[in-house]
Amino acid sequence: MSLIPSFFRGRRNNTFDLWDPFQDFPVTGGDLSVPGETASFASTRIDWKETPEAHVFKADLPGVKKEEVKVEVEEGRTLQFSGDRWVEKEEKNDKWHRAERSSGKFMRRFRLPENVKVDEVKASMENGVLTVTVPKAEVKKPDVKAIDISG
């Protein structure tokens, strides 16, 4: 018994391939960039955790060199990650069986809370993981002055 309708018979060339319903979907223009916060490299996954000392961002950027990545703080408190990821050059005699890795420009933005030191942001890249640390500013406790009650 087949789980795939019979009108798809013959389209699969390997019994281990999954059926792709978008295989013959017409695409024009070649660029399906998502406007706004993410771009064509939408698979850039970023974790954001808060520790008692800092906000820590980790981005998976396999195959991207640190020279191809920019980390910026815009407009006071907007942290922006951007860069380019390019695919390898296609040779004349190459026969591609599958091309699933994304390429192109990427950009992600995060609005930072007010309690951060934007002048002390640090970034490092190791084994394809970009780590950005944004230290927290000390929260000043309001000065409390006791008032004597007369009467």
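The shown structure was predicted, so the numbers you read here are calculated from the model rather than taken from an experiment.

Section: the overall build of the protein chain
At step 1: Scanning the protein chain from terminus to terminus reveals 0 helices and 7 strands.
At step 2: When contacts within the protein chain are restricted to residue pairs at least 6 apart in sequence, those whose partners lie at least 24 apart make up 54%.
At step 3: Counting every atom, the protein chain has about 12700 Å² of accessible surface; 51% of that belongs to carbon and sulfur.

Some words on the environment of Glu67
At step 1: Relative to the helices and strands, Glu67 resides in the loop between strand S2 (54-60) and strand S3 (69-74).
At step 2: With 16 residues separating them along the chain, Glu67 and Gly83 place their C-alpha atoms 8.8 Å apart.

Regarding the sheet that holds strand S1 (residues 46-50)
Hydrogen bonding along the main chain pairs the strands of a sheet, whether they run parallel or antiparallel.
At step 1: Taking strand neighbours across the sheet as the criterion, the 4 strands line up as S1-S2-S7-S6 in an open arrangement whose pairing is antiparallel. At either end of the open sheet lies a strand with only one pairing partner, and these are S1 and strand S6 (122-126). When the angles between neighbouring strand axes are averaged without regard to direction, this sheet yields 15 degrees.
At step 2: Sheet analysis places S1 next to S2, joined by 5 bridges and oriented antiparallel. Of the residues in S2, the one forming a bridge with Glu50 is His55.

Overview of the packing of aromatic side chains
At step 1: Taken as a whole and judged by the stated rule, the model has 5 aromatic pairs.
At step 2: Between Phe57 and Phe81, the aromatic rings sit 6.0 Å apart at their centres with planes inclined by 55 degrees, giving tilted as the arrangement. One end of the pair, Phe57, is in strand S2; the other, Phe81, is in strand S4 (residues 78-85), with 24 residues separating them in the sequence. The two residues Phe57 and Phe81 agree in class, both being buried.
At step 3: Ring plane angle 85 degrees and centroid distance 6.0 Å describe the contact between Phe81 and Phe110, whose orientation is recorded as edge-to-face. On the criterion of sequence distance, the pair formed by Phe81 in strand S4 and Phe110 in strand S5 (residues 104-111) is long-range, its members being 29 residues apart.
At step 4: What makes Phe110 buried here is its relative accessible area of 11%.

Points about the sheet that holds S3
At step 1: Reading across from one edge, S3-S4-S5 is the order of the 3 strands in this open sheet, with antiparallel pairing throughout. Two strands close off the open sheet at either side, each with one partner strand: S3 and S5. Between one strand axis and the next, the sheet turns through 15 degrees on average, direction left out of account.
At step 2: Strand direction decides the pairing type here: S4 and S5, joined by 8 bridges, are antiparallel. Across the sheet, Ser82 pairs through a bridge with Met107, a residue of S5.

Focus: the nonpolar core
At step 1: Counting 15 residues, the largest nonpolar core has Phe57, Leu61, Leu79, Phe81, Leu130, Val132 and Val134 as its most contacted members.
At step 2: Where this core is concerned, the elements lending two or more residues are S2, S4, S5 and strand S7 (129-135).
At step 3: If one sorts the elements of this core by residue count, S7 sits on top with 3 residues.

Focus: the pattern of salt bridges
At step 1: This structure, assessed with the given rule, holds 4 salt bridges.
At step 2: Between Lys136 and Glu50 there is a salt bridge, with its nearest N and O atoms 2.6 Å apart. Of this pair, Lys136 sits in the segment after S7 while Glu50 sits in strand S1; the two residues are 86 residues apart in sequence, bridging distant segments of the chain.
At step 3: Here Lys136 falls in the buried class, since its relative accessible area comes to 17%.
At step 4: The salt bridge involving Glu72 is made with Lys70; its shortest N-O contact spans 3.9 Å.
At step 5: Given the relative accessible area of 48%, Lys70 is considered partly exposed.

Reading the values: the criteria
- Within any chain, residue numbers begin from 1 and follow the written order of that chain's sequence.
- A pLDDT threshold of at least 70 governs which residues receive local features in this predicted model, and a stricter bar of 80 or more applies before side-chain atom pairs are shown or counted, although totals over entire chains, interfaces and linings include all residues.
- Only heavy atoms go into the side-chain values, all of them from the structure, while hydrogens and water stay out.
- Secondary structure follows DSSP: runs of H or I at least 4 residues long count as helices, runs of E at least 2 residues long count as strands, and numbering of each begins at the N terminus.
- What makes two residues a contact is simply this: any of their non-hydrogen atoms within 4.5 Å.
- Where accessible areas are quoted, they stem from the Shrake-Rupley method and a 1.4 Å probe; at the residue level, only the protein chains shown are allowed to cover.
- For two strands to be treated as a pair, DSSP must find at least two bridges joining them.
- Lines are fitted to the C-alpha atoms to define the axes, a helix being fitted only along its stretch in contact, and any angle between axes, read from their N-to-C directions, falls within 0 to 180 degrees.
- For Phe, Tyr and Trp, rings pair up if their centres lie within 6.5 Å, where Trp contributes its six-membered ring, and each pair is then called stacked (planes under 30 degrees apart), edge-to-face (over 60) or tilted (otherwise).
- Accessible area is worked out with a 1.4 Å probe on protein chains only. A residue is then buried under 20% of its type maximum, exposed over 50%, and partly exposed in between.
- Only buried Ala, Val, Leu, Ile, Met, Phe, Trp, Tyr and Cys residues count toward a nonpolar core, and they belong to the same one when joined by side-chain atoms within 4.5 Å.
- Definition used for salt bridges: Asp or Glu carboxyl oxygen within 4 Å of a side-chain nitrogen of Lys or Arg.

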